[in-house]
Amino acid sequence: MASLSPYAGCPCLDGQRLPCMARPSGMCYDSPAMSSQPRPVVTRFAPSPTGFLHIGGARTALFNWLFARHHGGTFRLRIEDTDRKRSTEEAVAAILEGLRWLGLEWDGAAVHQFAGAAHHAEVARGLLEAGRAYHCYCTREELQEMRTRARAEGRSPRYDGRWRDRDPAEAPPGVPPVVRLKAPRAGETTIDDLVQGPVTVANDQLDDMVLLRADGTPTYMLSVVVDDHDMDVSHVIRGDDHLTNAFRQTQLFEALGWARPEFAHIPLIHGADGAKLSKRHGALGVEAYRELGYLPEALRNYLLRLGWAHGDDEVISTEQAIAWFDLDGVGRAPARFDFAKLDSLNGHYIRAAADKDLAGKVAERLQATAGQVLDTGARERLQRAMQGLKLRAKTINELAENAAFYVAARPLELSEKAARLLPEEGRARLGRLRPLLEGLDDWSEAALEAQVRAFAEAEDCKLGQIAQPLRAALSGSHASPGIFEVMAVLGRGESLGRIADQQSAS
RNA sequence: GUCCCCUUCGUCUAGUGGCCUAGGACGCUGGCCUCUCACGCCGGAAACAGGGGUUCGACUCCCCUAGGGGACGCCA
C-alpha cells in the first residue's frame, strides 16, 4: 500500500489521519471530526473554453458570484480544458474578458483543469487499487452496439458492466483499457439539491462511468470531482443540464470517501421560442451584448431576474443583489430570454448613468462606426447633450445614433421626414427668426425659448410651426431633444450656421 | 425509448391553505404632459395547463393526464 496516492490514503478513505497533500490545510473536510463543521462558502464557475462566454454561462457565473459575495465566501474560476481538441486560447481569453466586462471578478488565479491531469489520473489509480474501479476493454463498436440494443429494448442506453468482474487475464491483447468506476448497482442515490429539492435516481439507471480514457487522460467527470474537492468548493451552482451528472459525481465522491459539495442546479435559459438556447440558436456571447450597446449593469440586473426574484423588486443594484441573493429565491422553471425587457432595463441604467461616462462611450462608438475623430470641443458638446439624449435611448448604439447630429459637420443632411418639416413657408420663417436670434445676448435655453415664443406670437403661429422647422435645420431630423436645449448645446455659432444653411438653400 | 425536471397574464415573475375580486415589471393599449420623439404620470385588456382527490376552504398539498425541457459519450 506504500504506493497509495495521498488521496487513497486520506483519512476520509480509510479512517487514518494522514495529511492530504492536495489541500493547503493538509486535511480533508470529510474526516469525521470535521464533517459537521460548517464549510466556508466557496463557489466556482467552470466553463469549458470551446467558445465565447454565452448568456447562460454568464448567468451561472453571476449566481455563483452573488452567492459567494453574499456569504462572504470565495468565487473561483476554473477553466475546464480537459478536452484538448476543442479547447482554445482564444476562447479562454473571451471568457475572461466577458467576465471582466460583466464585473464578475473571481478570487485567486484561474485554475486550468488540464494542469491537474496527472493528479487526477493518480486519484483514479488509487481507486483502482482500492478495488473501486476497474479496467474495461470494450471497443467503441461494442459500446455502440450495447447502446443501440438497450434503446431497442426500451432500456436506458448505458454500459452493461461486462468487465466489472471479469478476470483481467481475459483482456484482449493490444487493447488499451479505460478505467471505469465500480458504481453501486443496487439502491438509489439522492441529492438534496438547493434549487430542485430532493431528487432521487435508482442506481441501476447509472452506469459505470469512464474515469480515465484509454490514453490515460482523465475525463471531465473525474476532474470535476477531484478539482471541486481540492479547491474546497462548498457549493456547485450550475445549469440543470448537469443534474444527472450530479448523481454520478455523488457516487464518485462516495467512492473516494470525500464530502460532497452542496448542489444547486438552476434552470436553463431558453430562446424566445422556448427552445434551448444554444450557440447556434440565438445564444450570443456577452461581447455581442456589449456590441449591441448594453450596459453590464443592465445585463446583470436582467440576468438576475431571470429565474430569481425578490418580491416585486425589478431594478436591483449590485449592492442590493449581494445583500438579497440566495438560492431559495431561485425558481425551477426555465425562463425565456426577452430583449424587450432587457431594453427597458438598459434604458433605465442609461438614464441613471453619469453624462461623462455616457459621452465617453458614445464618442468611442462614433469613432468605431463612422471613423469620426472627435476633438475636445466635440466631446464636451456630447457630454452636455447627454442630459436630453439619455432619456431617448435604450442602448448605447441608439444613444450614439441620436447624438451624431450634435457633432456632424455642416451642412447637415436632412432626413426625409426632416425635409418635409421645411417647406418654403418654414424656411422663410427661419429667415425671419435668425436675425432675432443673432441679436440675443444671452444664449441660454431659457432666453432662447423666450425669444422663440415671442417670435411665434408675433408671427401669430403656433410654437410648433417654428420649433419643427428649427428642429429639422438644427438636427437634420424630425425627432430630437427639446429644441432650445439643442440650440444651447450647439452654441450660438453652430446654431446660427445650421439655420443659415437651410435658409439659404431655398 | 429510458430516467429526471418543469407548467401563474404574450414574456419575466410575486404568491409557501383563508390577506387572491390572483400583485408587480416588460410589452400592448387609452389618456395626461408637450416644440417633435422620448421620459414621467394616470387608466385598460391580459394568467393559476386539464382532470381527480385531501380539506370547512386550494394558485398553494397528493395522484393522474397533457404539454414543454434536460440527460443518457473514452464532450464538458
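About the criteria used
Residues numbered from 1 in each chain as written. Chains lettered and ligands numbered in written order. Predicted model: local features only at pLDDT ≥ 70, side-chain atom pairs only at ≥ 80, totals over all residues. Heavy atoms only, no water. Helix = DSSP H or I, 4+ residues; strand = E, 2+ residues; numbered from the N terminus. Rg over C-alpha atoms; globule rule 2.2 N^0.38 Å. Buried < 20%, exposed > 50% of the residue type's maximum accessible area, 1.4 Å probe, protein only. Contact = heavy atoms within 4.5 Å. Areas by Shrake-Rupley, 256 points an atom, 1.4 Å probe, with all protein chains shown as cover. Near = heavy atom within 4 Å. Polar contact = N/O pair within 3.5 Å; in protein donor to acceptor, adjacent residues only side chain to side chain. Nonpolar A, V, L, I, M, F, W, Y, C, P; charged D, E, K, R; others polar. Axes fitted to C-alpha atoms, helices over the stretch in contact; angles between N-to-C directions. Parallel < 35°, antiparallel > 145°, perpendicular 65-115°, else oblique. Left-handed = near helix turned anticlockwise from the far one by under 90°. Salt bridge = Lys/Arg side-chain N within 4 Å of Asp/Glu carboxyl O. Pairing = 2+ DSSP bridges. Right-handed = clockwise from strand over helix to strand, strands pointing away. pLDDT = per-residue confidence, 0-100. Lys, Arg positive; Asp, Glu negative; His and termini not counted. Phe/Tyr/Trp six-rings, centres within 6.5 Å; stacked < 30°, edge-to-face > 60°.

**A closer look at the overall build of chain A**
Here's step 1: A tally of helices and strands in chain A yields 20 helices and twelve strands.
Here's step 2: Taken over C-alpha atoms, the radius of gyration comes to 32 Å for chain A, far larger than the 23 Å a tight globule of 506 residues would show.
Here's step 3: Viewed in the frame of its principal axes, chain A has a C-alpha envelope of about 105 × 50 × 40 Å.
Here's step 4: When the 506 residues of chain A are sorted by exposure, 49% land in the buried category.
Here's step 5: For chain A, restricting intrachain contacts to residue pairs at least 6 apart in sequence, the fraction spanning at least 24 positions comes to 74%.
Here's step 6: Surface summary for chain A: the accessible area is close to 23,300 Å², and the carbon and sulfur share equals 51%.

**Examining the protein's contact with RNA strand B**
Here's step 1: Not every one of the 68 residues close to RNA strand B is listed here, only the nearest: Arg213, Gly307, Arg332, Leu391 and Arg471.
Here's step 2: Put simply, 67% of the atoms of RNA strand B that lie within 4 Å of the protein are in sugar or phosphate.
Here's step 3: One nitrogen or oxygen atom from the side chain of Thr82 is found 2.9 Å from a phosphate oxygen belonging to RNA strand B.
Here's step 4: Taking Arg351, its side chain carries an N or O atom lying 3.2 Å from a phosphate oxygen of RNA strand B.
Here's step 5: Secondary-structure elements contributing two or more residues to the surface near RNA strand B are helix H5 (140-152), strand E5 (178-181), strand E7 (197-202), helix H7 (243-256), strand E12 (335-336), helix H11 (339-352), helix H18 (463-475) and helix H19 (483-490).
Here's step 6: At five residues, the largest contribution of residues to the surface near RNA strand B is made by H18.
Here's step 7: When the residues that make up the surface near RNA strand B are grouped by side-chain class, the tally is 24 nonpolar, 21 polar and 23 charged.

**Focus: the side chain of Asp228**
Here's step 1: Topologically, Asp228 is positioned in helix H6 (residues 220-230).
Here's step 2: One polar contact links Asp228 to Arg44, side chain to side chain, over a distance of 2.9 Å.

**Points about the packing of H18 against H19**
Here's step 1: Remark: H18 packs on H19, axes separated minimally by 10 Å, with the N-to-C direction vectors making an angle of 40°. Taken together, the axes of H18 and H19 lie oblique to each other. As H18 packs across H19, the resulting crossing turns out to be left-handed. From H18, Leu463, Ala467, Leu470, Arg471 and Leu474 reach across to H19, where they touch Ile483, Phe484, Val486, Met487 and Leu490.
Here's step 2: Taken together, the residues of the contact of H18 with H19 break down into nine nonpolar, no polar and one charged.

**Overview of the pattern of salt bridges**
Here's step 1: Under the definition given, this model contains 26 salt bridges.
Here's step 2: The shortest N-O distance in the salt bridge between Glu145 and Arg149 comes to 3.2 Å. Within this pair, Glu145 and its partner Arg149 are both found in helix H5, separated by four residues, close to a single helical turn.
Here's step 3: With relative accessibility at 38%, the residue Arg149 sits in the partly exposed group.
Here's step 4: Several salt bridges share partner residues, and in doing so they unite Arg44, Arg78, Glu80, Asp227 and Asp228 into one network.

**Some details on the pairing of strand E2 (residues 74-79)**
Here's step 1: Judged from the four bridges that link them, strand E1 (residues 42-45) and E2 form a sheet pairing that is parallel. When the bridges of E2 are listed, Phe45 appears paired with Leu77.
Here's step 2: The handedness of the E1 to E2 crossover, carried by helix H2 (residues 55-70), is right-handed.
Here's step 3: Relative to strand E3 (residues 111-112), E2 runs parallel, the two sharing two bridges. Bridge pairing links Arg78 to Val111 in E3.
Here's step 4: With respect to chirality, the unit in which E2 leads through helix H3 (residues 89-102) into the neighbouring parallel E3 is right-handed.

**Here's the deal with the confidence of the model for chain A**
Note: predicted coordinates in regions of low pLDDT should not be interpreted at a detailed level.
Here's step 1: For chain A, per-residue confidence averages 89 on the pLDDT scale, and residues scoring 70 or more make up 91% of the total.
Here's step 2: Helix H1 (residues 11-14) is the least confidently modelled element of chain A, averaging 33 in pLDDT, while H19 averages 98, the highest of any element.
Here's step 3: Contacts for the low-pLDDT stretch residues 1-36, under 50 throughout, to residues beyond four places or in other chains number 65 contacts.
Here's step 4: Predicted complex, confidence summary: ipTM 0.95, pTM 0.90.

**Observations concerning the side chain of Arg238**
Here's step 1: Within the secondary structure, Arg238 sits in strand E9 (residues 235-239).
Here's step 2: It is Asp228 that comes nearest to the buried, bridge-free Arg238 among opposite-charge side chains, at 5.4 Å.
Here's step 3: In terms of polar contacts, Arg238 uses its side chain to reach the side chain of Gln249, at 2.7 Å.
Here's step 4: In this structure, Arg238 is in contact with Arg44, Thr60, Tyr220, Val224, Ala246, Gln249, Phe263, Ala264, His265 and Ile266, ignoring residues within four places of it in sequence.

**Topic: the packing of aromatic side chains**
Here's step 1: Applying the stated rule across the entire model yields ten aromatic pairs.
Here's step 2: Here Phe63 and Phe325 contribute two aromatic rings whose centre-to-centre distance is 5.1 Å and whose plane-to-plane angle is 55°, an arrangement assigned as tilted. With Phe63 in helix H2 and Phe325 in the loop between helix H10 (318-324) and E12, the pair connects residues that are 262 residues apart, well separated along the chain.
Here's step 3: The exposure class assigned to Phe63 is buried, which follows from its relative accessible area of 0%.
Here's step 4: Ring geometry for Tyr289 versus Tyr294: centroids 6.2 Å apart, planes at 50°, classification tilted.

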